[in-house]
Amino acid sequence: MADPSSYRPRPGEVPDSPGVYRFRDEHGRVIYVGKARSLRQRLASYFQDVANLHPRTQTMVTTAASVEWTTVATEVESLQLEYSWIKEFDPRFNVKYRDDKSYPYLAITMGEPVPRVQVMRGAKRKGTRYFGPYTHAWAIRETVDLLLRVFPIRSCSAGVLKRAAQVGRPCLLGYIGKCSAPCVGRISEEDHRALAEDFASFMAGDTSRFVRRLEAEMREASADLDFERAARRRDDLGALRRALEKSAVVLPDATDADVFALAEDELEAAVQVFHVRGGRIRGQRGWVVEKVEDVTTAGLVEHLLQQVYGDADAVADAAAGGAGGTAAGAAPGAVPREVLVPLEPADAAQVTAWLSGLRGSAVDVRVPQRGDKRALLETVAKNASQALALHKTRRGGDLTTRSLALSELQDALGLDEAPLRVECYDVSNLQGTEVVASMVVFEDGLPRKGEYRRFAVRGESVRAGDAQDDTAAIHEVMLRRFRRHLADGTPPAGSPPDEDAAPGAPGAAGAAVAGGEVADGAAGDGAAGHAPVDPESGRPRRFAYPPQLVVVDGGAPQVAAAARALEELGVTDVALCGLAKRLEEVWLPGEEFPVVLPRQSEGLYLLQRVRDEAHRFAITYHRQRRSSSMTRSALDDVPGLGPARRTALLKRFGSLKRLRAATVEEVCEVPGVGPATARAVLDALAPASTTSANGAPAPRDGRREDEAAAEAPLRVNTATGELLDD
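What comes next is a walk through the structure. (Residues numbered from 1 in each chain as written. Predicted model: local features only at pLDDT ≥ 70, side-chain atom pairs only at ≥ 80, totals over all residues. Heavy atoms only, no water.)

## Observations concerning the nonpolar core
Formed by 28 residues in total, the largest nonpolar core has its most connected members in Tyr 425, Ile 474, Met 478, Phe 482 and Val 550. In terms of residue count, the dominant contributor to this core is helix 16 (residues 470–488) (seven residues). Not counting the four nearest positions on each side in its chain, Tyr 425 is found in contact with Ser 438, Met 439, Phe 455, Ile 474, Val 477, Met 478, Arg 481, Phe 482, Val 550, Val 551, Val 552 and Asp 553. If you look at the next biggest cluster of nonpolar residues, it comprises 26 residues, including Ile 108, Val 117, Phe 151 and Ile 187. (Core = buried A, V, L, I, M, F, W, Y, C linked by side-chain atoms within 4.5 Å. Buried < 20%, exposed > 50% of the residue type's maximum accessible area, 1.4 Å probe, protein only. Helix = DSSP H or I, 4+ residues; strand = E, 2+ residues; numbered from the N terminus. Contact = heavy atoms within 4.5 Å.)

## Side note on the pattern of salt bridges
A full pass over the atoms with the stated rule returns 30 salt bridges. The closest approach of N and O atoms between Asp 235 and Arg 149, which form a salt bridge, is 3.3 Å. One end of the pair, Asp 235, is in helix 9 (residues 227–245); the other, Arg 149, is in the loop between helix 4 (137–147) and helix 5 (158–167), and 86 residues separate them in sequence. Note that Arg 234 and Asp 235 form a salt bridge whose closest N and O atoms lie 3.2 Å from each other. Judged by its relative accessible area of 30%, Asp 235 is partly exposed. (Salt bridge = Lys/Arg side-chain N within 4 Å of Asp/Glu carboxyl O.)

## Thoughts on the packing of aromatic side chains
Taken as a whole, this structure holds 11 aromatic pairs when the rule is applied. When the ring of Phe 23 is compared with that of Phe 47, the centres are 6.4 Å apart and the planes differ by 40 degrees; the resulting orientation is tilted. Highlighted residues: Phe 23 in strand 1 (residues 19–24) and Phe 47 in the loop between helix 1 (39–46) and helix 2 (55–63), separated in sequence by 24 residues. Of the two residues, Phe 23 and Phe 47, both sit in the buried class. For the pair Phe 260 and Tyr 309, a centre-to-centre distance of 6.4 Å together with 80 degrees between the ring planes defines the contact as edge-to-face. Here Phe 260 is found in strand 8 (residues 257–264), whereas its partner Tyr 309 is found in helix 10 (residues 297–309), with 49 residues between them in sequence. Residue Tyr 309 is classed as buried on the basis of its relative accessible area, which comes to 0%. Grouping aromatic residues by their ring pairs yields a cluster made of Tyr 7, Tyr 21, Phe 23, Tyr 32, Tyr 46 and Phe 47. Directly above the ring of Tyr 175 sits Arg 186, whose terminal nitrogen or CZ lies 5.7 Å from the centroid. One Lys or Arg, Arg 481, reaches over the ring of Phe 482 and ends 4.9 Å from the middle of that ring. (Phe/Tyr/Trp six-rings, centres within 6.5 Å; stacked < 30°, edge-to-face > 60°. Lys NZ or Arg CZ within 6 Å of the ring centre and 35° of its normal.)

In short, geometric facts, not functional conclusions.
This is how it looks when you write it as structure tokens:
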């Protein structure tokens, strides 16, 4: 643990102006980001007597090894920059709201030539309008099923659409009136897009216009004695009204608002938000957050608004159908006219100004005191309380269990500290082919999938035909991983300092630079030469951070191979063990007998989970490469030959055997294939018997394969006596 005084900036170096600051640990990783109206006053509060700080703040300042800051012109800019850095660096001591589930959205792909309505989850796509989120996917499908009667737009996949266009016959939905069948030309793409726009407008809350239109068409058809059309309009009107019944009016006067509420205890907080558009609840979301920093309820509200409205993707989420926001930017209505919160944010004026800038007009951030809005806020608060209770029930023992597992591993393996970062390696192959390896990362007992890595093993063992030797593969992978660590990250313990590194002394701090430039605090001795953070992008390098524990899937031989690789590189500050599958024994380097953990040990459960995750990741990569190799052709490696010309060659000759027997002139008859390409194709397909003594392919100009075969020795299957055909 570092002493905060070792990297405290000198008096007078920190400017008395608005800005954003960030603390880094000894490896250069950003661990906390904050903003301040006065950087000088805020940073001074962190370097007072540690005993007077909040326990969470104590942990943060003693974990940090340097501090840097950026000055900005206004407090609104500091709000935007703070959120950008939190999103980019994912600091461990910042409050981060994470969805307690993956919510489904109703999506209309307006970016496609023929827009499609579907249920979507996950990352937002450019050119797609999203409505929701919904609690259940079946609720979206029920709504879509009702509305397709009135707005019969495409809901099939791209494959079904293409196949229907090829055969000239629509799918079942086209026959039952729930699709206008643009695939077979029953409706033009322009008219179909207009239908999709109407669907989106209805979902955005413009419902009365379509109800009035259907009522008028029904009365008109009845007056014309066209009772069949009148009956269809009556049924369409009933479908619209049933869809509207699924979202009751909760606020009068077609109010657009987002209603937030929190329920919290000393360690965690649960957040719920109702997205109200046109007076109706159009979506609901929930988050659960761990209080990893000393933050008030007002601070939680501010962080929440930052995350919901902070960037284009989050704005599209918050739109909740307001005007059909796209993932490409902030749509009108993405930020509603009113934002109702249980408590005003810490910097209410700056937050309001920021939201108004995003919306393009005034936004009212306030706490409702009475009436329908207060009643709705209380309803949202009840949902938040129930969500927090459910979360604590489900995960009440999770943090304790993970801490116990790490503590047991520390004791069993004789480590100086708990292994907060664990990396596990596994090798996968099939009879020595497509040899691959995986690296998975667990931090604080949880998988960190963004730092998983995979390796294609191409070392000496593969070239020598002994690719089933796991120890050689483990040795190669460990060398590759830790060479990158030594190049990108901090040097291992006891290694000489980098001669090219800029000298940095404890307590040195960079000067503040105006205009948004970064001022660096103390970097620590020798840290500058092995910066784990890319100075150009500001992001961590791929293999910059060392693990406290390396686990290999295997027993004593695999552990010995990994230990030999670490020894060759001079890495001495990383613990190593192996987990053997048969008896779940833990092997340590140089030990004659394994460590046997109790079967009910939480530490053993964690090692098994890490090992199984590494195995899953390795076998998935191996299957991908194996499937790719099974579908490869000899033509794939011909330089300058693309997919179109490969297809043309196979279409012209029918098979590789006939193509191999062709002459250069015959190959040149294929459109787009010239003499040089034809010669390259035939040289790539030439069998070993048609190569010259020096290994070069035999001339193919005007020679047929049967002529070359006549000169070549016959090949015979010694088991059956059959002549082998090339």
